[in-house]
Amino acid sequence: MKLKTLSTAIILATVPMTGAFAAALDRSGQSIAAFLQPGNYFEAGISVLDPTVEGKANANGSALSDMGDDYHFPSAALKLQLADNFSFGLIYDQPFGADAEYSTADATLNPLTGEGLFRSATESTSVEVDTQNISMIFGFQPTQNWNIYAGPVYQTVKGDVKLRGLAYGGNTTFGSYNANMEEDGSVGWLAGFAYQIPDIALKASLTYRSEIDHDVKTTETFNTGLFAGFNALPNTDTSITTPQSINLDFQTGIMADTVAFANVRWVEWSNFSIRPPKFGRASINPAVAASTGKPNGFDLVAYSDDQISATVGVGRKMSEQWAGNVSVGYDTGAGNPVSTLGPTEGYWNVGLGLQFSPAPNYFIAGGVKYFWLGDAKAQSGAQFGTDATVANFEDNDALAYGLKIGYRF
């Protein structure tokens, strides 16, 4: 068969999730591959991640049982070729998120306080962050080789955090802190270009996504302790800026019925932080500053490094109806030590994808990826920027799997 037909016959067989368990809060990988498909096209998919994240507390060596909750995230895309030189697309995904909880058995209880390292005897430390994106993309194709595109991105973000236990100062300081962040919507943008040579199944694209600024209405409370009086203060907004990113995608035919592909992604996590107003005010309290050595306070969550991730693989058309691929991925992480709310440092993974096309105009694709999660030293927000840690997380892994359907019309 000609190589120019391989782009749709093989590359669509890739696993629906690209990020799944990436650095910091990165999840979907923010691919625009659906927009670069020929003609009119629609796809929908769902990805599921099942992580195991266990460790040991530094203070007493007690085991910290699995704190990584399972989660799933859907995606969908519509691409319309409005004219020979103009195209339009809509892409829905959930680019950033977190879901973790330390259970009652996660640490030996302190006989005097009744607290464990990460939680009290009755309440858990937990974090949940959800985002949603709708990207509206307008493309101009001056020739059959070039595609120049840009458009607005509407994004929502919300979150819920509870801190408990000795790692956050126990009930006297931040160990009784709660923050509920209501959903906020805001607008950013994307822009990029793609180049293709269909006769050799070559396609390359470079896509930039902007930061998106949010002012999230936040309800903060301290159940007990030094800052319980802050509950009387009015609740205000938390400023959150989701990071800018760049995606580079490449594929080319390498032999009959075979395509090689690669993706490289950069995300600027080093400029990301969250400091809710009451939390920030508490962090500059003289008693806290004296113990942390940070007179200007500290963040609830922050990262020290940018994320770089890469995936390379080979896809092959096995028959008129079946295609598959294998891939290898790597993620640098976003710095180590890391936050106790997400204690992993990058990964290696291997993936398998399979696609069945009952007819030329539609397909069903599925895939699985196994992740070796990077060992990490975990620290609280007050320890960020120092070598101090409260726990070690080692020898962890995750399994991701997904399903996607596509239709050409």
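Structure first, text after, so check above.
Asker: Please clarify how the overall build of the chain should be interpreted in this entry.
Answerer: Counting secondary structure elements, the chain contains three helices and 24 strands. Across the 409 residues that make up the chain, the buried fraction comes to 51%. The contacts in the chain between residues at least 6 apart in sequence include a share of 72% that link residues at least 24 apart. Summed over its atoms, the accessible surface of the chain is roughly 17,300 Å², and 60% of this surface lies on carbon and sulfur atoms.

Asker: Explain empty space enclosed by the protein here, please?
Answerer: Empty space among the atoms becomes visible once a probe the size of a water molecule is rolled across them. Evaluated as defined, the whole model comprises six cavities of 30 Å³ or more. One number sums up the size of the second largest cavity: a volume of about 600 Å³. In terms of lining, the second largest cavity is formed by 50 residues, of which the most central are A24, L25, G97, A98 and L341. Of all the secondary-structure elements, those providing two or more residues to the lining of the second largest cavity are β6 (97-101), β7 (126-140), β8 (146-162), β12 (237-242) and β19 (338-339). Take the lining of the second largest cavity: its biggest share by element is five residues, from β8.

Asker: Quick question: what am I supposed to make of the pattern of salt bridges here?
Answerer: Two side chains that carry opposite charge are able to pair once their charged atoms sit near each other. One pass over the structure, following the stated rule, counts three salt bridges. In this structure, K317 engages E320 in a salt bridge whose closest nitrogen and oxygen atoms are separated by 3.8 Å. You can call K317 buried: its relative accessible area is 11%. E320 gets classed as exposed once you look at its relative accessible area, which sits at 66%.

Asker: Could you clarify how one ought to interpret the packing of aromatic side chains in this entry?
Answerer: Geometrically, a pair of aromatic rings is defined through the distance of the ring centres and the angle of the planes. Scanning all chains against the criterion turns up 26 aromatic pairs. For the pair F222 and F230, a centre-to-centre distance of 6.1 Å together with 90° between the ring planes defines the contact as edge-to-face. Both residues of the pair, F222 and F230, belong to the buried class. Counting every residue linked through ring pairs, the aromatic cluster contains F174, Y177, F222, F227, F230, F279 and F298. One Lys or Arg, R27, reaches over the ring of Y71 and ends 3.5 Å from the middle of that ring. The lysine or arginine in question, R281, covers the ring of F230, its NZ or CZ lying 5.2 Å from the ring centre.

Asker: What exactly am I supposed to notice about the sheet that holds strand β2 (residues 55-57) here?
Answerer: Whenever strands of a sheet pair, they do so through backbone hydrogen bonds, lying parallel or antiparallel. Read from one edge of the open sheet, five strands run β3-β2-β23-β22-β19, paired in mixed fashion. Every interior strand has two partners, whereas the edge strands, β3 (63-64) and β19, have only one. In the sheet, β19 pairs with strand β22 (residues 376-379) via two bridges, with the strands oriented parallel. Residue S339 lies in a different strand from β22, and its bridge partner there is Q379.

Asker: Explain the nonpolar core here, please?
Answerer: Grouped burial of nonpolar side chains is what soluble globular proteins tend to show. L163, F174, W269 and F393 are the most contacted members of the largest nonpolar core, which totals 53 residues. Broken down by element, this core gets its largest block of residues, three residues, from strand β9 (residues 177-197). L163 has contacts with T125, Y168, F174, G175, S176, Y177, F279, L300 and L341, leaving out every residue within four places of it along the chain. Within the second largest apolar cluster, 15 residues are counted, among which are I32, L36, L190 and F363.

Asker: Got a minute to help me understand the side chain of S87 in this structure?
Answerer: Following the sequence through the fold, S87 ends up in strand β5 (residues 86-93). Looking at S87, its side chain comes within polar contact range of the side chain of Q141, at 2.9 Å. Residue contacts for S87: discarding those within four places in its chain leaves F35, K79, L80, Q81, L82, I137, F138, G139 and Q141.

Asker: Looking at this model, I keep getting lost on the pairing of strand β11 (residues 212-222). Mind explaining?
Answerer: Looking along a regular strand, one sees side chains alternate from face to face of the sheet. Here β11 shows a buried face lined by I212, H214, V216, T218, E220 and F222 and an unburied face lined by D213, D215, K217, T219 and T221. As paired strands, β9 and β11 are joined by five bridges and run antiparallel to one another. Considered in β11, the bridge of N180 is made with T219. By the bridge criterion, six bridges tie β11 to β12 in an arrangement that is antiparallel. The residue of β12 that forms the bridge with I212 is T242.

Asker: Help me understand the environment of L163 in this model?
Answerer: Looking at where L163 falls in the secondary structure, it is placed in the loop between β8 and β9. A residue is classified by how much of its surface remains accessible, and L163, at 3% relative accessible area, is buried. Taking the C-alpha atoms as reference points, L163 and F222, 59 residues apart in sequence, are found 9.7 Å from one another.

Cut-offs applied
- Residues numbered from 1 in each chain as written.
- Predicted model: local features only at pLDDT ≥ 70, side-chain atom pairs only at ≥ 80, totals over all residues.
- Heavy atoms only, no water.
- Helix = DSSP H or I, 4+ residues; strand = E, 2+ residues; numbered from the N terminus.
- Buried < 20%, exposed > 50% of the residue type's maximum accessible area, 1.4 Å probe, protein only.
- Contact = heavy atoms within 4.5 Å.
- Areas by Shrake-Rupley, 256 points an atom, 1.4 Å probe, with all protein chains shown as cover.
- 1 Å grid on protein atoms, 1.4 Å probe; cavity = no way out; pocket = protein on both sides within 12 Å on 5 of 7 lines; lining within 4 Å.
- Points joined across faces, edges and corners; volume = space filled by probe spheres on them.
- Salt bridge = Lys/Arg side-chain N within 4 Å of Asp/Glu carboxyl O.
- Phe/Tyr/Trp six-rings, centres within 6.5 Å; stacked < 30°, edge-to-face > 60°.
- Lys NZ or Arg CZ within 6 Å of the ring centre and 35° of its normal.
- Pairing = 2+ DSSP bridges.
- Core = buried A, V, L, I, M, F, W, Y, C linked by side-chain atoms within 4.5 Å.
- Polar contact = N/O pair within 3.5 Å; in protein donor to acceptor, adjacent residues only side chain to side chain.

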